[in-house]
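So the chains spell out like this:
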Amino acid sequence: DWQVHVVNLTEQFAQVAVAGPNARRLLEKLGGMDLSREALAHMPWAEGRLAALDARVLRVSFSGELGFEGAVPASQGRKLWDALLAKGAEFGAMPYGTEALHVMRAEKGFIMIGDETDGTVTPRDLGLPAGAKKADFLGKRGMERAAMTAPDRWKLVGLETVDGSVLPHAALSPLEGENANGQRKTQARV
């Protein structure tokens, strides 16, 4: 009975991630906002101006590096992009793609649902403490089941190839023999 109206505004904004040790310094060069650690701690957002554009800046990090995301009206996205590249030249700023982003994210231990997890993975499998912040939590009973704590459960590990090549997505490391379903046994998957 509050008569709330919800509208998805996502498409009305262009959003650019700025990450790396000089991210804050670069954004400060665009002027208009106090982005100091004291003014904008990790996870909040602030409104102001960047490169003379109305902007919202989120202090977040998907890559694990010092990071911000700047959102401006969609029609102003290119102006923000160009300003970031121009002012970032002195820092060696450059665009990076999602592959680099995901590698940095995984190296920092930032787990993403769907990449490192598939509905069968527990925090322990990922090397994370299960329920470390709380003595009791939703899902605790399920995670304490024998199958979820078995010592032979697969674990998330980092791999580095000897020759520097890239392993294809979904590659398997086979073992000799077959399982009860007649499938080749595997010891790992990418």
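Data block above holds the structure.
These numbers come from a predicted model, not from an experiment.

A. Local environment of unusual backbone geometry. Unusually for a residue other than glycine, Met43 sits at a positive phi of about 95 degrees. Structurally, Met43 can be placed in the loop between helix H1 (23–29) and strand S2 (45–50). With a phi close to 75 degrees, Ala170 is a non-glycine residue in the positive phi region. With respect to the helices, strands and loops of the structure, Ala170 is situated in the loop between helix H5 (146–149) and strand S5 (172–178). For Ala170, a relative accessible area of 48% gives the class partly exposed.

B. A look at the packing of aromatic side chains. One pass over the full model with this rule turns up zero aromatic pairs. In this arrangement the basic side chain of Arg59 is found over the ring face of Phe68, its NZ or CZ atom lying 5.5 Å from the centre.

C. The pattern of salt bridges, seen in detail. Tallying each qualifying case throughout the model produces five salt bridges. Residue Asp82 pairs with Arg78 through a salt bridge whose shortest N-O separation is 2.9 Å. One end of the pair is Asp82 and the other is Arg78, both in helix H2 (residues 77–88) and four residues apart, which spans about a single turn. The class for Asp82 is partly exposed, based on a relative accessible area of 35%. Among the residues examined, Arg78 registers a relative accessible area of 60% and is labelled exposed. With a shortest N-O distance of 2.5 Å, Asp125 and Arg153 are connected by a salt bridge. Residue Asp125 is located in the loop between helix H3 (98–107) and helix H4 (140–143), and its partner Arg153 is located in the loop between H5 and S5; the two are separated by 28 residues in the primary sequence. Each member of the pair, Asp125 together with Arg153, is buried.

Definitions and cut-offs
- Residues numbered from 1 in each chain as written.
- Predicted model: local features only at pLDDT ≥ 70, side-chain atom pairs only at ≥ 80, totals over all residues.
- Heavy atoms only, no water.
- Helix = DSSP H or I, 4+ residues; strand = E, 2+ residues; numbered from the N terminus.
- Buried < 20%, exposed > 50% of the residue type's maximum accessible area, 1.4 Å probe, protein only.
- Phe/Tyr/Trp six-rings, centres within 6.5 Å; stacked < 30°, edge-to-face > 60°.
- Lys NZ or Arg CZ within 6 Å of the ring centre and 35° of its normal.
- Salt bridge = Lys/Arg side-chain N within 4 Å of Asp/Glu carboxyl O.

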